[in-house]
Amino acid sequence: MKKLESTGSKINRRRSLKRIGDGIIPTAFLIILILIWYIIVENGIVERFMLPSPIDVITTLYEILPEIRLHLIVTLAQALYGFVLAIIFSIVLAILMDNIGILKRALYPLLVISQTIPILVLAPLFAMWFGFGMLPKIIVVALVCFFPIIVSLLEGFDSVDRDLLNLMKSMGASRLKIFTLVKFPASMINFFTGLKVAATYCIMAAFIGEWMGGKAGLGLYMMRAKKSMGIDRVFAVVLLVVILSMLLFKLVSILQKHLMPWSNEE
Amino acid sequence: MSIYQKNKLFVKNIYKSFDEILVVDNVSIELKENEFVSLLGPSGSGKSTIFNIISGLVKPDEGEVLIEDVDFTGKSGRVSYMYQKDLLLSWKKIIDNVALPLVIKGIKKKEAREMVKKYFEIFGLEGFEYKYPFQLSGGMRQRAALMRTYMFSEDIILLDEPFGGLDAITKGRMQSWLLDVLKTLNASILFITHDIDEAIFLSDRIYILSERPAQIKAEIKVDIPRPRNNDIVTTSRFNEIKKNIMEML
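The helix and strand tally for chain A stands at ten helices and zero strands. Along chain A, helices (α) and strands (β) appear in the sequence α-α-α-α-α-α-α-α-α-α when read from the amino end. Computed over C-alpha atoms, the radius of gyration of chain A comes to 23 Å, more than 25% over the 18 Å expected from 2.2 N^0.38 for 266 residues, which places it beyond the range of a compact globule. For chain A, the spread of C-alpha atoms along the three principal axes comes to 70 × 60 × 30 Å. Within chain A, the fraction of its 266 residues that count as buried is 38%. Counted over contacts in chain A with a minimum sequence separation of 6, partners at least 24 positions apart contribute 73%. Carbon and sulfur atoms make up 73% of the accessible area of chain A, which totals about 15400 Å².

A separate point is the pairing of strand 8 (residues 188–193) of chain B. Residues and elements named next belong to chain B. Along strand 8, six of the six residues are buried, which leaves the element largely enclosed by surrounding structure. Both faces of strand 8 are covered, namely the face carrying Ser188, Leu190 and Ile192 and the face carrying Ile189, Phe191 and Thr193. Pairing of strand 3 (residues 36–40) with strand 8, which is carried by five bridges, proceeds in the parallel orientation. Across the sheet, residue Leu39 finds its bridge partner in strand 8, namely Ile192. Across five bridges, strand 7 (residues 156–160) lies against strand 8 in parallel orientation. Bridge pairing links Asp160 to Ile192 in strand 8.

Across the boundary between the two partners, chain A contributes 22 residues, which contact 26 residues of chain B. Counting the surface lost from both chain A and chain B, the interface buries some 2100 Å², and carbon and sulfur atoms represent 73% of this. Among the residues chain A hides against chain B, the three largest losses belong to Ser170(A), Met171(A) and Trp262(A). Together they make up 30% of the total. Counting the contacts that link chain A with chain B gives two salt bridges. Between Lys85(B) and Asp161(A) there is a salt bridge, with the nearest N and O atoms lying 3.0 Å from each other. For the pair chain A and chain B, the number of links is three residue pairs in polar contact (both at pLDDT 80 or more).

This part covers the state of the cysteines. With the rule as written, the count across this model stands at zero disulfides over all chains. Left unpaired, Cys145(A) is separated from the closest cysteine sulfur, that of Cys202(A), by 4.8 Å.

Let's shift gears to the packing of aromatic side chains. Within this structure, the stated rule accounts for 18 aromatic pairs over all chains. Between Trp129(A) and Phe130(A), the ring centres sit 6.4 Å apart and the planes meet at 90°, which makes this aromatic pair edge-to-face. On the basis of relative accessible area, Trp129(A) is assigned to the exposed category, the value being 55%. Consider the rings of Phe51(B) and Tyr81(B), whose centres lie 5.7 Å apart with planes at 80°: the pair is edge-to-face. Of this pair, Phe51(B) sits in helix 1 (residues 47–54) while Tyr81(B) sits in strand 6 (residues 80–82), and the two are 30 residues apart along the sequence. Under the relative-accessibility criterion, Tyr81(B) is labelled buried at 3%. For the cation-ring pair, Lys75(B) lies above Phe72(B), with the distance from its terminal atom to the ring centre recorded as 5.9 Å. Above the face of the Trp177(B) ring, Arg143(B) is positioned so that its terminal group lies 5.4 Å from the ring centre.

A few words now on the domain arrangement of chain A. Residues and elements named next belong to chain A. When its domains are assigned, chain A resolves into domain 1 (1–46) and domain 2 (50–263). For domain 1 and domain 2, the distance between their C-alpha centres works out to 28 Å. On the domain 2 side, the residues contacting the six residues of domain 1 number eight residues. Summed over both sides, the interface of domain 1 with domain 2 buries roughly 590 Å², with 82% coming from carbon and sulfur. Put simply, domain 1 and domain 2 have zero salt bridges between them. Summed over the shared surface of domain 1 and domain 2, the result is one residue pair in polar contact (both at pLDDT 80 or more). When grouped by side-chain class, the residues that make up the side of domain 1 that touches domain 2 number five nonpolar, no polar and one charged.

The next thing to look at is the packing of helix 2 (residues 54–99) of chain A against helix 9 (residues 218–227) of chain A. Residues and elements named next belong to chain A. Running from N to C, helix 2 and helix 9 cross one another at 135°; their axes reach a closest spacing of 7 Å. In this view, helix 2 runs oblique relative to helix 9, as classed from their interaxial angle. Between helix 2 and helix 9, the residues in contact are Ile64, Glu67, Ile68, His71, Leu72 and Thr75 and Leu218, Tyr221 and Arg224, respectively. Looking at the contact of helix 2 with helix 9 residue by residue, the class counts come to five nonpolar, two polar and two charged.

Next up on the list: the sheet that holds strand 4 (residues 62–67) of chain B. Residue and element names in this part refer to chain B. Spatially, 2-1-4-5 is the arrangement adopted by the four strands of the open sheet, whose pairing is antiparallel. Lying at the two open borders of the sheet, with one neighbouring strand each, are strand 2 (21–32) and strand 5 (70–71). Judged from the five bridges that link them, strand 1 (residues 7–18) and strand 4 form a sheet pairing that is antiparallel. Residue pairing in the sheet places Val11 in a bridge with Val65 of strand 4.

A separate point is the nonpolar core. Of all hydrophobic cores here, the largest spans 100 residues; its most connected members are Phe83(A), Ile150(A), Val182(A), Leu9(B), Ile50(B), Ile54(B) and Leu190(B). Apart from the residues lying within four places of it in its own chain, the contact partners of Phe83(A) are Val141(A), Cys145(A), Ile149(A), Leu195(A), Ala198(A), Ala199(A), Cys202(A) and Val252(A). Counting 53 residues, the second-largest nonpolar core is a separate cluster that includes Tyr150(B), Val181(B), Ile241(B) and Ile245(B).

Moving on, we come to unusual backbone geometry. Residues and elements named next belong to chain B. Residue Pro213 is reached from Arg212 by a cis peptide bond, and omega for that bond is -5°. Mapped onto the secondary structure, Pro213 falls in the loop between strand 9 (205–209) and strand 10 (216–221). The backbone phi angle of Asn34 is positive, close to 65°, even though this residue is not glycine. Structurally, Asn34 can be placed in the loop between strand 2 and strand 3. In this model, Asp69 sits at a positive phi of 65°, which is unusual for a non-glycine residue. For Asp69, the position within the fold is in the loop between strand 4 and strand 5.

Rules used in this analysis
- Residues numbered from 1 in each chain as written.
- Chains lettered and ligands numbered in written order.
- Predicted model: local features only at pLDDT ≥ 70, side-chain atom pairs only at ≥ 80, totals over all residues.
- Heavy atoms only, no water.
- Helix = DSSP H or I, 4+ residues; strand = E, 2+ residues; numbered from the N terminus.
- Rg over C-alpha atoms; globule rule 2.2 N^0.38 Å.
- Buried < 20%, exposed > 50% of the residue type's maximum accessible area, 1.4 Å probe, protein only.
- Contact = heavy atoms within 4.5 Å.
- Areas by Shrake-Rupley, 256 points an atom, 1.4 Å probe, with all protein chains shown as cover.
- Pairing = 2+ DSSP bridges.
- Buried area = accessible area lost by both parts, 1.4 Å probe.
- Salt bridge = Lys/Arg side-chain N within 4 Å of Asp/Glu carboxyl O.
- Polar contact = N/O pair within 3.5 Å; in protein donor to acceptor, adjacent residues only side chain to side chain.
- Disulfide = S-S within 2.5 Å.
- Phe/Tyr/Trp six-rings, centres within 6.5 Å; stacked < 30°, edge-to-face > 60°.
- Lys NZ or Arg CZ within 6 Å of the ring centre and 35° of its normal.
- Domains from an automatic or database assignment.
- Nonpolar A, V, L, I, M, F, W, Y, C, P; charged D, E, K, R; others polar.
- Axes fitted to C-alpha atoms, helices over the stretch in contact; angles between N-to-C directions.
- Parallel < 35°, antiparallel > 145°, perpendicular 65-115°, else oblique.
- Core = buried A, V, L, I, M, F, W, Y, C linked by side-chain atoms within 4.5 Å.

Structure, rendered in structure tokens:
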């Protein structure tokens, strides 16, 4: 037991060293890229009204923050509503498709087709059908997030070890028991993979949805800034979208770590 | 072992083919109370199909499976079945993995935990109740899997190469351990292996199976007295039996 622990801690130390390395490399690379960007703009190689310097972007973001607070809240709300809607809908549909073979065969190609239609075409259609409120944007978000979640969930259901399912059957487990005790928890890891992909999409999807018009939202704000040639504000909003998306991604990762303590070591 | 032992399991003249390829050809197997019987044969000879038929997962084309004289052909949920893979649920703690068969039978999780607790000592897993499977070694995981198998049905247990995935040293240890545990449990065991030494070391009787389609070539009684320890592997009786089997295979 003691031996087990000591080798365990050794592995952990090696792992944490590796983790630090994993953090340093991309961060250093990003800093180099930003530095190059800074030098190019500061030395007048590219004109400032075409490309603001990274410092301009950050100061602008700081300046406009009080002004865009409401827009931020609206976008965030739309993204989260859409995300949750997509989660609920894909879980329900994935369960139905997994249990009813004919449904899966009928719907799967349609799911793929739905993803090939450019969202920029659908967004104005939704605006026409559902008006300029929050609903069409939420639908856009749900549509974008729905696909990665349901595909990963279906794949998870399919990849459960056949022997494990046979073992459950040999113990006389009902279909419902097999699903709740084995299939669903076994697919959690796939489910979270889908959730992470969807988390990075959802802010952007709300943002695009807002381009079609409305009363508030970061996408709307950015379009206005673009029209008045406020390129530094455009960049600032884009930076904000990136930060929000990354925060959401991180949130899902933390959630996964807490809900699936067994997967941390694998 | 007395001749008055009750007959636990009787597999009567079963046949099975898949896609018109005969896999099991007129196999009959008997298992008495408290007996340890091995099915020894080359890999891919249809041994696992025989187990799938006994456990009720697969229906034989012909023949019957009788358990304590009751027909269980094609009915699952009576005998317990353990695979070469431990098949522990990685998201459940060991105690909940072991209690799984009880939960399937409809017992509440808390009660099921109480019921399995006392067996951790017998199976040598004391102190690991609340660990996750990834925190255990391969041998310990197999022990946990065996414990779960026992929790499902304590009287008839099918073991499909349970130590096949372990290294030679762990395997040897697990075999001695299994003999030891069986002394305290009243179980009848049907054991699949392609390892001759393992079959002789563990069994009371051995059925020798042919290559596909699986037929019973011979039935050998292992008359080496119990308790057995690792030393018997070098005795002349052991080697006689081994030579006898090797000539048949």
